[in-house]
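A closer look at the structure
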Amino acid sequence: MKVTVLGAGFAALTAIKNLRKESHSVEITVIAPKDEFVYLPSLIWLPSGLRKADDLRVDLKNFFKKMKVNFIAGQVEGVSDGGRKVQTSSGMVENDALIIASGGRFIKKLPGIEHIITPCEGIAAGEKIREKLQSMDGGTIAIGFGGNPKEPSAMRGGPMFEFLFGIDNLLRKQGRRNKFDLVFFNPAPEPGKRLGAKVPEKLTEMMTKKGIQTKLGHKMKGFTENSVITEGEEFHSDLTLFMPGMTGPAWLPNTEFPISEGGMIKADLQGRVEGFEHVYVAGDAGSFPGPDWQAKQAHAADIQAKVAAINAVRLLKNPSAQDSELEEIFHELICIVDTLKHGILIKRTEKSTTLLPPCRLLHYAKRFFEGWYLRQYR
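From a predicted model like this one, the values you see are computed outputs, not experimental measurements.

What follows is about the overall build of the chain. Secondary structure summary: the chain contains 8 helices and 24 strands in total. Principal-axis analysis of the C-alpha atoms gives the chain an extent of 65 × 45 × 40 Å. Each of the 378 residues in the chain was classed as buried or not, and the buried ones make up 56%. Counting only contacts in the chain whose residues sit at least 6 apart along the sequence, the fraction spanning at least 24 positions is 66%.

Next comes the structure, spelled out in structure tokens:
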């Protein structure tokens, strides 16, 4: 059995672990630009110096050796033959089953978007934020996020709240918060609602207490070097952090896979790409059935990847297996919104929503979880 995994992020690594748990004999091939994992949730700590770039990078050579993985460094360019052939910049790779865990990409269509920083693009973005803050004597910092109107789940709002509150606390610690105006902007009138019905009100209360201005409910029009433009107004900004909505990978048009309205790969609750045998998707590249509060986050990617890997092996061994014999994705949103001083725990399932008030212990819990999670790959 030959299984190819595309990517080296959360979903890809979880898929590899579970493939190996299910079968010691399965031949696993991984295709990614680098044999390196970047722990994106900790990007929020780069501006303050709580984390450095090397703290977030994990060399995967030892992990791949332990998992007996064949690694191919390259860019995916397309998939053909019903998913059995992957075209890459390093040549053609064939498989018996394919797990797509290569992530999505940010929609960079707004005019002037070259003038902003998109934090979750990686370590370089986090370092750029740190350097810019260090060079500023004062001014206005605008922080916001958008979405994909055709794919409600394809957004990353949580990290932007963390950057907002983290920068506020960093400036206070440095004794220069009074020299800065902080502005939070969002096209939704109640940003953060997918985290829970009470979350927008709580977050807005926190912003008000901290003297953070809010500009909500107006569609984005674009940016200039020193301003943010919405349908409601144009306002000044010396540093703009903005997380656009997400869509599928750039190579997706070079496949026959079904694509959702928002540009993601359509999948079922077993992680299978609709209409294709032995092809699965997990993480940011996929569009899954479920509640409208689904989010693109590492926790969801891990859940989806585990399901995809287990089902991939089971269906290779028994192609006639019924859905009742397969694993199914369960929907759960869980995160700690970190403020650099405290953490706010938010958990949502189809049965309930939990929102805990800011707690210092939760800040340390998030840091502990980072170390615990990365230990398995180091």
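Take S48: it is sitting in the loop between β3 (36–38) and α2 (53–56). Distance in space between the C-alpha atoms of S48 and S25 is 45 Å, their sequence separation being 23 residues. With residues up to four places along the chain from it excluded, the contact list for S48 reads L170 and L340. There is a polar contact of 3.2 Å between the side chain of S48 and the backbone oxygen of W45. At 3.3 Å, the side chain of S48 and the backbone nitrogen of L50 are in polar contact.

Once that is clear, we can look at the pattern of salt bridges. In this structure the tally under the stated criterion is 17 salt bridges. Here K215 makes a salt bridge to E233, at a shortest N to O gap of 3.2 Å. Placement of K215 in strand β13 (residues 213–216) and of E233 in the loop between β15 (227–230) and β16 (234–236) is noted, with a sequence separation of 18 residues between them. The structure contains a network of salt bridges with shared partners spanning D168, R172, R177 and K210.

Taken together, the 4 strands give an open sheet; going across it, the order is β13-β12-β11-β17, and neighbouring strands pair in parallel fashion. The open sheet terminates on both sides in strands that have one partner only, identified here as β13 and β17 (239–243). Ignoring strand direction, the axes of neighbouring strands in this sheet form an average angle of 15 degrees. Bridge analysis of strand β11 (residues 139–145) against strand β12 (residues 180–186) gives 6 bridges, and the strand direction is parallel. Note that in β12 the partner of T140 across the bridge is D181.

It is worth spelling out the nonpolar core at this point. Nonpolar side chains tend toward joint burial in soluble globular proteins. One finds I141, F161, L164, F165, I167, M207 and L241 to be the most contacted residues of the largest nonpolar core, which totals 47 residues. In this view, L241 contacts I117, P119, I129, A142, I143, G144, M160, F163, I167 and F185; residues no more than four positions away in its chain are not counted. If you look at the next biggest cluster of nonpolar residues, it comprises 40 residues, including V3, L13, L19 and L60.

With that settled, consider the sheet that holds strand β23 (residues 343–349). Taken together, 3 strands build an open sheet; the order of strands is β22-β23-β24 and the sheet is antiparallel. Two strands close off the open sheet at either side, each with one partner strand: β22 (332–338) and β24 (353–355). On average, each strand axis in the sheet is inclined to that of its neighbour by 5 degrees, with strand direction left out of account. The pairing of β22 with β23 spans 7 bridges and is antiparallel. The partner of D338 across the bridge, within β23, is G343. Relative to the sheet, helix α8 (residues 360–375) contacts β22 and β23, its axis offset from that of β22 by approximately 110 degrees.

This part is about the state of the cysteines. On inspection of all chains with the given rule, the structure shows 0 disulfides. Lacking any disulfide linkage, C120 is separated from the closest cysteine sulfur, that of C335, by 12 Å.

Another point: the packing of helix α5 (residues 158–173) against helix α6 (residues 199–209). For the pair α5 and α6, interaxial distance at closest approach is 11 Å and the crossing angle is 20 degrees. Between α5 and α6, the angle is such that the two are roughly parallel. Relative to α6, α5 is oriented so that their crossing is left-handed. Contact with α5, carried on its side by F161, L164 and F165, involves L203, M206 and M207 of α6 and no other residues of that element. Grouping the amino acids of the contact of α5 with α6 by side-chain chemistry returns 6 nonpolar, no polar and no charged.

What follows covers α8. Along an α-helix, a turn takes 3.6 residues, which lines up residues three or four apart on a common side. Its 16 residues give α8 an end-to-end C-alpha distance of 24 Å, which sits within 8% of 22 Å, the value for a rise of 1.5 Å per residue. Within α8, burial applies to L362, H363, K366, E370, Y373 and L374. Each buried residue of α8 sits inside an arc of 115 degrees when the element is viewed along its axis, so together they form one side. Within α8, the exposed residues directed more than 90 degrees away from the buried face are L361, F368 and R375.

Within strand β2 (residues 27–32), 5 of the 6 residues are buried, which leaves the element mostly enclosed by the surrounding structure. When β2 meets strand β5 (residues 69–73), the two strands line up parallel, connected through 5 bridges. Each bridged residue has a counterpart across the sheet, and for I28 the counterpart in β5 is V69.

This part takes up the side chain of E162. Counting through the fold element by element, E162 comes out in helix α5. The buried category is assigned to E162, whose relative accessible area is 7%. In this structure the side chain of E162 is engaged in a polar contact, spanning 2.6 Å, whose partner is the side chain of K366. When sequence neighbours within four positions are dropped, the list of residues in contact with E162 reads I44, I336, V337, D338 and K366.

Reading guide: rules and limits
Residues numbered from 1 in each chain as written. Predicted model: local features only at pLDDT ≥ 70, side-chain atom pairs only at ≥ 80, totals over all residues. Heavy atoms only, no water. Helix = DSSP H or I, 4+ residues; strand = E, 2+ residues; numbered from the N terminus. Buried < 20%, exposed > 50% of the residue type's maximum accessible area, 1.4 Å probe, protein only. Contact = heavy atoms within 4.5 Å. Polar contact = N/O pair within 3.5 Å; in protein donor to acceptor, adjacent residues only side chain to side chain. Salt bridge = Lys/Arg side-chain N within 4 Å of Asp/Glu carboxyl O. Pairing = 2+ DSSP bridges. Axes fitted to C-alpha atoms, helices over the stretch in contact; angles between N-to-C directions. Core = buried A, V, L, I, M, F, W, Y, C linked by side-chain atoms within 4.5 Å. Disulfide = S-S within 2.5 Å. Parallel < 35°, antiparallel > 145°, perpendicular 65-115°, else oblique. Left-handed = near helix turned anticlockwise from the far one by under 90°. Nonpolar A, V, L, I, M, F, W, Y, C, P; charged D, E, K, R; others polar. Expected span 1.5 Å × (residues − 1). Arc of directions from axis to C-beta.

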